[in-house]
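Report on the structure
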Amino acid sequence: MVAAALAVAAPVEKAHAQGKSLTLCWAAWDPANALVELGKDFTAKSGIEMKYEFVPWTSYADRFLNELNTHSKLCDLIIGDSQWIGGSAENGHYVKLNEFFDKEGIKMDDFMPATVVGYSEWPKNTPNYWALPAMADAVGWTYRKDWFSRPEIQAEFKKKYNRDLAPPKTYEELKQIAEFFQGREIDGKKVYGAYIFTERGSEGITMGVTNVLYDYGFDYDNPKKSYEMEGFVNSEGAVKGLEFYKELYKCCTAPGMTNAYMSEGLDAFKSGQVAMQMNWFAFFPGLYKDPNVGGDKIGFFVNPGAKLHFTQLGGQGISVVSYSDKRDDALQYIKWFAQPAVQQKWWELGGYSALKAVVQAPGFAKSAPFAPDFLESMGIVKDFWAEPSYAELLLDMQKRVHDYVVADKGTAKEALDLLVKDWEKVFREDGKIN
């Protein structure tokens, strides 16, 4: 073993002497910390130093899309959001990875299908790959398991609703539970029913409301005719879904949550304000470890359903930036990251692997209390537009939905009708429709 260790030391020292390094760009959040830890193994093996540029989610898109659009050499590798894939492919920001994958024996069939479509492919549902699935994610829910299990609360809930208090399977059940806890006093403190996304500036309220819209029948366009949105974006079901989200916001959330997203939800849950919280699975390992609300006090459940059952896809793929001068080293990192043993460690450290060998392994469901819900969620995910003009499409939806849900402007039907017009304008300017 000593001889083997000495044998591998030489190339590592040589690489360090050459000052090799890569800069990886991503958002500043718990999984990024896990990636830094994981990256130490890559440096030990390759001798390539890993540097990181992490920025808060609220400025993540603005910052890194600007880096790409200006052909900056800051990022050698980037973990870019799923919605960026179309623009980054068509504008030449990312290196196409097909030949590299073929050469190295990296097969997209080895990854969960939703993550390949969501993070890697452009055009969608074609074998053109611009990223390796890196961070599988979806919207899920946490709840105060310790509150739900109290005998007096159980008894009162059963008397009122004639069913046991348990994690909701439908949105109607979720609303009942949220109403039940809203304004209740627990351990001498006033609490609230549910935390949901309402943020307007980036993507927050869209990433929240879509979970309900999908389940009530919203579609981005006609499945048989691309970009035909009338009657799909503003369908009768979509209107009901948007109305429901507003009802949930009005009846059952804490006061002042008019522009709240991920971090506000974590704060609300950690401080004991809410019975249930909508958030990304990415945060659940950290919440489970929280000394105040983690362990046996926290429970997890899949996004509820209605007529249909979906959840909003999150997560990202890792891409090689085409403007990097270190393309070969960046590809070496991709090759290393794709290995099953590395992907397994990624999961153990708090990242979310998309590799089937990890998530479909016999012991996966028991490897973490949120693992079964994560796996189920990744089987029902649906994503926002990944068009090159996704940013305009997103800001349109942010405005229309926030105006209706939070600012009390107009009706749900009017909001979605206006959204159709907004989106038609974008696609008309893009030459996608006449």
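So, here's what we can say about the structure.

Definitions and limits used
Residues numbered from 1 in each chain as written. Predicted model: local features only at pLDDT ≥ 70, side-chain atom pairs only at ≥ 80, totals over all residues. Heavy atoms only, no water. Helix = DSSP H or I, 4+ residues; strand = E, 2+ residues; numbered from the N terminus. Rg over C-alpha atoms; globule rule 2.2 N^0.38 Å. Buried < 20%, exposed > 50% of the residue type's maximum accessible area, 1.4 Å probe, protein only. Contact = heavy atoms within 4.5 Å. Areas by Shrake-Rupley, 256 points an atom, 1.4 Å probe, with all protein chains shown as cover. Pairing = 2+ DSSP bridges. Disulfide = S-S within 2.5 Å. Lys, Arg positive; Asp, Glu negative; His and termini not counted. Salt bridge = Lys/Arg side-chain N within 4 Å of Asp/Glu carboxyl O. Polar contact = N/O pair within 3.5 Å; in protein donor to acceptor, adjacent residues only side chain to side chain. Arc of directions from axis to C-beta.

1. Here we look at the overall build of the chain
For the chain, the count of helices and strands is 19 helices and eleven strands. Taking 2.2 N^0.38 as the reference for a compact globule, 434 residues should give roughly 22 Å; the C-alpha atoms of the chain span a radius of gyration of 23 Å, in line with that estimate. Taking the principal axes of its C-alpha atoms as reference, the chain extends roughly 70 × 60 × 35 Å. A buried classification covers 57% of the 434 residues belonging to the chain. Considering only residue pairs separated by 6 or more positions, the chain has 74% of its internal contacts joining residues 24 or more positions apart. With an accessible surface of roughly 18200 Å², the chain has 51% of that area assigned to carbon and sulfur atoms.

2. Here we look at unusual backbone geometry
Residue proline 123 is bonded to the preceding tryptophan 122 through a cis peptide linkage, with omega at -10 degrees. Checked against the element boundaries, proline 123 lands in the loop between α6 (113-120) and β4 (132-144). Its identity as a non-glycine residue notwithstanding, histidine 71 has a phi of 60 degrees, on the positive side. Take histidine 71: it is sitting in the loop between α3 (57-69) and β3 (77-81).

3. Comments concerning the pairing of strand β8 (residues 274-280)
Of all the seven residues making up β8, seven are buried; the element is thus mostly covered by neighbouring parts of the structure. In the sheet, β4 pairs with β8 via five bridges, with the strands oriented antiparallel. Note on β8: the bridge partner recorded for threonine 142 is glutamine 277. When strand β7 (residues 192-195) meets β8, the two strands line up parallel, connected through three bridges. Paired with alanine 194 across the strands is methionine 276, a residue of β8.

4. Considering the state of the cysteines
Between two cysteines, a covalent bond joining their sulfur atoms is known as a disulfide. Evaluation of the coordinates by the stated rule reveals two disulfides. The disulfide partner of cysteine 25 is cysteine 75, and the S-S distance across this bridge is 2.1 Å. Here the disulfide of cysteine 25 and cysteine 75 is left-handed, its torsion about the S-S bond being about -95 degrees. Residue cysteine 25 is found in strand β1 (residues 21-27), and its partner cysteine 75 is found in the loop between α3 and β3; the two are separated by 50 residues along the sequence. Comparing cysteine 25 with cysteine 75, the two get one shared label, buried. Each disulfide pairs two cysteine sulfurs, and for cysteine 251 the partner residue is cysteine 252, the sulfurs being separated by 2.0 Å. Its S-S torsion of about -95 degrees marks the bond between cysteine 251 and cysteine 252 as left-handed, since a negative value means left-handed.

5. Looking at the environment of glycine 118
The topology assignment puts glycine 118 in helix α6. As for glycine 118 and alanine 386, which are separated by 268 residues in sequence, their C-alpha atoms are 8.3 Å apart. Excluding its chain neighbours within four sequence positions, the residues that come into contact with glycine 118 are Ser82, Lys124, Leu313 and Asp383.

6. So, the environment of isoleucine 433
In this structure, isoleucine 433 sits in the segment after α19 (412-429). When the C-alpha atoms of isoleucine 433 and tyrosine 227 are compared, they prove to be 7.1 Å apart, with 206 residues separating the residues in sequence. Filtering out sequence-adjacent residues up to four positions away, isoleucine 433 remains in contact with Tyr227, Glu424, Phe427 and Arg428.

7. What about the side chain of aspartate 81?
Turning to its location among the elements, aspartate 81 is positioned in strand β3. This buried residue, aspartate 81, is left without a salt bridge; lysine 124 holds the nearest opposite charge, at 11 Å. Side chain to side chain, aspartate 81 and glutamine 316 meet in a polar contact 3.4 Å long. Every residue in contact with aspartate 81, bar those within four places of it in the chain, is listed here: Trp57, Tyr60, Glu203, Gly315 and Gln316.

8. Section: the side chain of serine 46
By secondary structure assignment, the location of serine 46 is in helix α2 (residues 30-46). Only 2.7 Å separates the side chain of serine 46 from the backbone oxygen of phenylalanine 42, close enough to count as a polar contact.

9. Digging into the environment of tyrosine 195
Residue position: tyrosine 195 is located in strand β7. Since its relative accessible area comes to 2%, tyrosine 195 is described here as buried. Between the C-alpha atom of tyrosine 195 and that of glycine 86, which follows or precedes it by 109 residues, the distance is 32 Å. When sequence neighbours within four positions are dropped, the list of residues in contact with tyrosine 195 reads Trp141, Met257, Ala260, Tyr261, Met262, Glu264, Gly265, Ala268, Val274, Met276, Gln277 and Met278. Within the structure, tyrosine 195 has its side chain in polar contact with the backbone oxygen of tyrosine 261 (distance 2.4 Å).

10. Thoughts on helix α12 (residues 262-270)
Considered for burial, the residues of α12 that qualify are Met262, Gly265, Leu266, Ala268 and Phe269. For α12, the buried positions fall inside an angular range of 165 degrees around the axis, keeping them on one side. Buried-residue contacts for α12 involve α3, β4, β7, β8, α13 (284-289) and β9 (298-302). Within two residues after α12, glycine 272 carries a phi angle of roughly 75 degrees, on the positive side.

11. Overview of the pattern of salt bridges
Taken as a whole, this structure holds 24 salt bridges when the rule is applied. With a shortest N-O distance of 2.9 Å, arginine 150 and aspartate 187 are connected by a salt bridge. With a gap of 37 residues between them, arginine 150 in the loop between α7 (145-148) and α8 (151-161) and aspartate 187 in the loop between β5 (185-186) and β6 (189-190) connect regions that are remote in the sequence. For arginine 150, a relative accessible area of 22% puts it in the partly exposed group. Note on aspartate 187: relative accessible area 63%, which makes it exposed. Glutamate 429 serves as the salt-bridge partner of lysine 425, at 3.0 Å between the closest nitrogen and oxygen. On the criterion of helical spacing, the pair formed by lysine 425 and glutamate 429 is a turn pair, its members being four residues apart in helix α19. Since its relative accessible area comes to 53%, glutamate 429 is described here as exposed. Taken together, the shared-partner salt bridges in this structure form one network comprising Glu53, Arg63 and Glu67.

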